[in-house]
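Analysis of the macromolecular model
Given next are the chains, with one letter for each unit.
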Amino acid sequence: MGWEVEDIEATVRELRLRGVAFEEYDFPGLKTVDGIAEIAGNYASKGIGERGAWFRDSEGNLLGIGQPVRS
């Protein structure tokens, strides 16, 4: 499940203050920096890409937040 947010940095910061731990990835085509990844081409109807971050809930489900990158 995922949610679109207006300001991903502020949202990540607020969730971290509440104890949320964000996933870190370093794969070809997907690398997070301080929990946030730049994803070119995602959200094509809303811009040129997306910035995304992922975390797990108490049951281990992967959840995400994303902010479209406007052109």
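Since the structure is predicted, the reported quantities are computational estimates derived from the model, not experimental observations.

**Overview of the overall build of the protein**
Regarding its fold elements, the protein presents one helix and six strands. Listed by position from the N terminus, the elements making up the protein come as β-α-β-β-β-β-β. Its C-alpha radius of gyration of 12 Å places the protein within 12% of the 11 Å reference for a compact globule of 71 residues. Once the C-alpha set of the protein is aligned to its principal axes, its extents read approximately 35 × 25 × 20 Å. Restricting to contacts in the protein with at least 6 residues of sequence separation, those with at least 24 account for 40%. In the protein, 8 positive and 13 negative side-chain charges are present, and the distance between their average locations comes to 2 Å.

**Topic: the pairing of strand β5 (residues 49-56)**
A large share of β5 lies buried, amounting to seven of its eight residues. Of the pairings in the sheet, the one linking strand β4 (residues 36-40) to β5 comprises four bridges and is antiparallel in character. Bridge pairing links Ala40 to Gly49 in β5. Relative to strand β6 (residues 62-69), β5 is paired through eight bridges, and the arrangement is antiparallel.

**Some thoughts on the environment of Leu15**
Structurally, the position occupied by Leu15 is in helix α1 (residues 8-17). Counting along the chain gives 50 residues from Leu15 to Ile65, while the straight-line C-alpha distance between them is 11 Å. Excluding anything up to four places from it in sequence, Leu15 contacts Val20, Phe22 and Phe55.

**Looking at the packing of aromatic side chains**
Tallying each qualifying case throughout the model produces three aromatic pairs. Between Phe22 and Phe55, the ring centres sit 5.5 Å apart and the planes meet at 70 degrees, which makes this aromatic pair edge-to-face. With Phe22 in the loop between α1 and β2 (26-27) and Phe55 in strand β5, this residue pair connects regions lying 33 residues apart in the sequence. The exposure classification of Phe22 matches that of Phe55, with both residues buried. One aromatic cluster in this structure is built from Tyr25, Phe27 and Trp54.

**Description of the pattern of salt bridges**
One pass over the full model with this rule turns up six salt bridges. Arg51 serves as the salt-bridge partner of Glu9, at 2.4 Å between the closest nitrogen and oxygen. Residue Glu9 is found in helix α1, and its partner Arg51 is found in strand β5; the two are separated by 42 residues along the sequence. Each of the salt bridges in this network shares a partner with another, and the network as a whole consists of Glu9, Glu38 and Arg51.

Conventions used here
Residues numbered from 1 in each chain as written. Predicted model: local features only at pLDDT ≥ 70, side-chain atom pairs only at ≥ 80, totals over all residues. Heavy atoms only, no water. Helix = DSSP H or I, 4+ residues; strand = E, 2+ residues; numbered from the N terminus. Rg over C-alpha atoms; globule rule 2.2 N^0.38 Å. Contact = heavy atoms within 4.5 Å. Lys, Arg positive; Asp, Glu negative; His and termini not counted. Charge placed at Lys NZ, Arg CZ, Asp CG, Glu CD. Buried < 20%, exposed > 50% of the residue type's maximum accessible area, 1.4 Å probe, protein only. Pairing = 2+ DSSP bridges. Phe/Tyr/Trp six-rings, centres within 6.5 Å; stacked < 30°, edge-to-face > 60°. Salt bridge = Lys/Arg side-chain N within 4 Å of Asp/Glu carboxyl O.

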